[in-house]
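# Remarks on the overall topology
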Amino acid sequence: MRVVVLISGSGSNLQALIDGQRHGTLPIEIVGVISNKTAVRGLLRAEQAGIPAIALEHTAYDSREAFDTALRERIDALTPDLVVLAGFMRILTPGFTRHYEGRMFNIHPSLLPKYQGLHTHRRVLESGDTEHGVTVHFVTDELDGGPPILQAKISVHPDDDEKTLAARVLEQEHRIYPQAVEWFGRGRLRLHQGTVFLDNEPLGPSGYLIDVTHS
Ligand code: GRF
């Protein structure tokens, strides 16, 4: 399965996918990594793994549509089966998301539908929630609103701050993102009329749930 990964920064989720590919646990070939920012660590990670790394700066385009058109051309030239947004910090136009419907994933550090958007760890702490987590979902034109595939749920500790919470969530990200990509690569996962199916069984509104609140 040909995979294109879009990033904007550190690329630790990209690294988890590169590691899975390298160890043979993921049936994928990452055929390109595209960043909307130059000089980010994720591009270096791609280069070190011998993967074509492309910087396509959104600031060089006068509109969101113009950037998305250029991005789409770059992606489609790589003929991916799956597009993976891994810390890609851009709002995408509906035309773009529709084009990749059913074959584009995003990861969002919250238990969606809670806390769409930014600063999720801070908002969880401010709300006094005792549970938090991360969601992998299919991308639709609603920001962080597409149907969930997989969630990992963790406990919030009384002494947590944004940093400790983010680190524990990230640990789960590196676990569930490769898992979701593997399911897709093995043909076990599909989106049909807004419902996610795993092994032909519809998943519920949270997707497949991994509960690590007691570990
Ligand atoms: C992750 O927390 C991801 O959930 C969010 O952005 C962060 C990206 O981290 N969308 P990295 O670039 O994969 O290290």
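Quick look at the structure, then. Every value quoted in this text rests on a predicted model; they were computed, and no experiment measured them. (Residues numbered from 1 in each chain as written. Predicted model: local features only at pLDDT ≥ 70, side-chain atom pairs only at ≥ 80, totals over all residues. Heavy atoms only, no water.)

## Focus: the nonpolar core
Within soluble globular proteins, side chains that are nonpolar tend to cluster in buried spots. In terms of nonpolar packing, the biggest core is built from 44 residues, with V5, F105 and I149 touching the most fellow members. Of all the elements, helix 6 (residues 162–185) adds the most residues to this core, at eight residues. Counting contributing residues, this core receives three or more from each of domain 1 (1–100) and domain 2 (108–215). Excluding its chain neighbours within four sequence positions, the residues that come into contact with I149 are F105, V136, H137, F138, A180, W183, L189, V196, L203, G207 and Y208. Within the second largest apolar cluster, 19 residues are counted, among which are L71, L78, F88 and M104. (Core = buried A, V, L, I, M, F, W, Y, C linked by side-chain atoms within 4.5 Å. Buried < 20%, exposed > 50% of the residue type's maximum accessible area, 1.4 Å probe, protein only. Helix = DSSP H or I, 4+ residues; strand = E, 2+ residues; numbered from the N terminus. Domains from an automatic or database assignment. Contact = heavy atoms within 4.5 Å.)

## Examining the sheet that holds strand 3 (residues 53–55)
If you trace the eight strands from one edge of the open sheet to the other, you get 3-2-1-4-5-6-7-11, paired in mixed fashion. Two strands bound the open sheet, and with one partner strand each, they are strand 3 and strand 11 (208–211). Mean inter-strand twist for the sheet, computed between neighbouring axes without regard to direction, equals 20°. Bridging between strand 1 (residues 2–7) and strand 2 (residues 29–35) involves six bridges; their strand directions are parallel. The partner of V3 across the bridge, within strand 2, is I30. Sheet strands in contact with helix 1 (residues 12–23) are strand 1, strand 2, strand 4 (82–85) and strand 5 (104–108), and its direction is about 165° off that of strand 2. The sheet contacts of helix 2 (residues 41–48) involve strand 1, strand 2 and strand 3, and relative to strand 3 the element is tilted by about 155°. (Pairing = 2+ DSSP bridges. Axes fitted to C-alpha atoms, helices over the stretch in contact; angles between N-to-C directions.)

Don't take any of this as a statement about function, it's just geometry.
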